[in-house]
Amino acid sequence: MRDYLLTLCVTAAVTYLLTGPVRKFAIATGAMPEIRARDVHREPTPRLGGIAMFFGLCAGLLVADHLRNLNSVFELSNEPRALLSGAALIWLIGVLDDKFEIDALIKLGGQMIAAGVMVMQGLTILWLPIPGVGTVSLTQWQGTLLTVALVVITINAVNFVDGLDGLAAGMVCIASAAFFLYAYRMWFGYTIEAAAPATLFTAILMGMCLGFLPHNMHPARIFMGDSGSMLIGLVLAASAISVTGQVDPDALKLFEGGTREATHAALPVFIPLLLPLTIIAIPFADLVLAIVRRTWKGKSPFAADRGHLHHRLLEIGHSHSRAVLIMYFWSALIAFGVVLYSVHSASMWIVFAIVVLSALGLGLLLLPRFTPRAPRWAESFVPPRYRRRPQHEHVRPSAYGETVGERPEGHPEERVPVPAGINGATAIGSRSRFNDRRKAGTPS
């Protein structure tokens, strides 16, 4: 565990220290796209954060290769080299997209090629544990197609969920933490060496996300871009493929006894295969709703709008940070709930806890409708949105979770100077002195 923590810390430190210079490089090269009407940020913000994350990945693998307890992963398995090859290819495609906005079909082809590169070097699904059946060996073509499909789906899921500051990095960090606990249990608890690469990959992935998050939390100073979102999606998919498709379930001696016992025993191995897909649940639901909404209005299903899930959270009154934390909560509930259930599937307390926490999450979604007000004596200790307003001042919620006062006629609204500009980003020009609340894309 100490070596894994050291690898995680080195990866996080390298990513964190390189993100600042990468931000300056992105500004100098003009890797800052124009603000679209559906964007949440209010000022041009540099991309290319994936450059720092990629070098953090390289640093983590290099350090692990020189640690005595982790060196065996590189000697006994070719998976680290396969991961690095696929990651380098997908990272290069992401960098080109962040700068030049390449076509979506080209990106899809690049994702498939990167997955194929990993398959050619041995990082592929060899068998599947099927409840009630046992271990099903896959042919070479079946394993290749399933591996490529899992990689492409996971990459695009992470890319799709990257809509708010710190959202994608935080959700992937949560999913990788759950993966790490599961893979480490298989490696340390069952002494299965084949689970060691997945444990290493998830530790490095956590370091990449933790090192980048301080620069990407709201207000973000830099975006990871496709170079970062596709990279962490590929590493997450590689971890799932390694821990599920490479570890022989027969080595755990789970499929012994009758059909009912085999079905029940297969759950700890079968469920984590779906773990990387849990982050797709939220963006997939958002995608389906977007298609139905646009088609119902007579628009193209691919027409951009401001009706996505994160936009809705902002519009009902959640602040930017609270919307991100709510999605963190649901991601953690699903990921850790799946892992706990796979370990103790017979415990009803886990199911009960998941139900209670789900009810709590639903309550958090309705929080803006029931915003409490602090008493007069405590107003100086709470944020402004919890303070009582004067009777002559009508309060209306803004689309970004804050409150905007409507003054009576004859009292013009004051423009309050803010120290960090409109969105905190200072990519170009000087900081804005006033808090402009016009929606992106609206005329000035």
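Look a little higher up for the structure.
Below: a short report on this structure. (Residues numbered from 1 in each chain as written. Predicted model: local features only at pLDDT ≥ 70, side-chain atom pairs only at ≥ 80, totals over all residues. Heavy atoms only, no water.)

1. Thoughts on the packing of aromatic side chains
(1) Moving on: The final tally for this structure, using the stated rule, is eight aromatic pairs.
(2) Moving on: Measuring from ring centre to ring centre gives 5.9 Å for Phe-54 and Phe-55, while their planes differ by 70°; the resulting arrangement is edge-to-face.
(3) Moving on: According to the relative accessible area criterion, Phe-55 is partly exposed, its value standing at 40%.
(4) Moving on: Where Phe-54 meets Trp-91, the ring centres are 4.4 Å apart and the plane angle is 10°; that geometry is what we call stacked. Placement of Phe-54 in helix H2 (residues 50-65) and of Trp-91 in helix H4 (residues 79-100) is noted, with a sequence separation of 37 residues between them.
(5) Moving on: Owing to a relative accessible area of 8%, Phe-54 belongs among the buried residues under this scheme.
(6) Moving on: For Trp-91, a relative accessible area of 17% gives the class buried.
(7) Moving on: Here a set of aromatic residues connected by ring pairs shows up, and it is made of Tyr-4, Phe-180 and Tyr-184. (Phe/Tyr/Trp six-rings, centres within 6.5 Å; stacked < 30°, edge-to-face > 60°. Buried < 20%, exposed > 50% of the residue type's maximum accessible area, 1.4 Å probe, protein only. Helix = DSSP H or I, 4+ residues; strand = E, 2+ residues; numbered from the N terminus.)

2. A few points about the nonpolar core
(1) Moving on: Ranked by size, the top nonpolar core spans 87 residues in total, and within it Tyr-4, Leu-57, Leu-200, Leu-231, Ile-232 and Leu-234 carry the most contacts.
(2) Moving on: With 16 residues, the top contributor of residues to this core is helix H7 (residues 167-189).
(3) Moving on: Discounting residues that sit within four places of it in the chain, Leu-234 has contacts with Leu-83, Gly-86, Ala-87, Ile-90, Ala-114, Met-118, Val-151 and Ile-155. (Core = buried A, V, L, I, M, F, W, Y, C linked by side-chain atoms within 4.5 Å. Contact = heavy atoms within 4.5 Å.)

3. Re unusual backbone geometry
(1) Moving on: That bond from His-218 to Pro-219 is cis: its omega, -5°, falls within 30 degrees of zero.
(2) Moving on: Along the chain, Pro-219 falls in the loop between helix H8 (196-216) and helix H9 (225-245).
(3) Moving on: Of note, Glu-101 is a non-glycine position whose phi angle comes to about 55°, a positive value.

4. A look at the pattern of salt bridges
(1) Moving on: According to the stated counting rule, one finds four salt bridges in the structure shown.
(2) Moving on: For Glu-101, the salt bridge goes to Arg-47, with nearest N and O atoms at 3.2 Å. Within this pair, whereas Glu-101 is found in the loop between H4 and helix H5 (104-120), its partner Arg-47 is found in the loop between helix H1 (2-29) and H2, the two being separated by 54 residues in sequence.
(3) Moving on: Among the residues examined, Glu-101 registers a relative accessible area of 48% and is labelled partly exposed.
(4) Moving on: Here Asp-97 and Lys-107 are joined by a salt bridge, their closest N and O atoms 3.6 Å apart. Here Lys-107 lies in helix H5 and Asp-97 lies in helix H4, a separation of ten residues in the sequence.
(5) Moving on: Here the residues in one salt-bridge network are Arg-47, Asp-98 and Glu-101, joined through shared partners. (Salt bridge = Lys/Arg side-chain N within 4 Å of Asp/Glu carboxyl O.)

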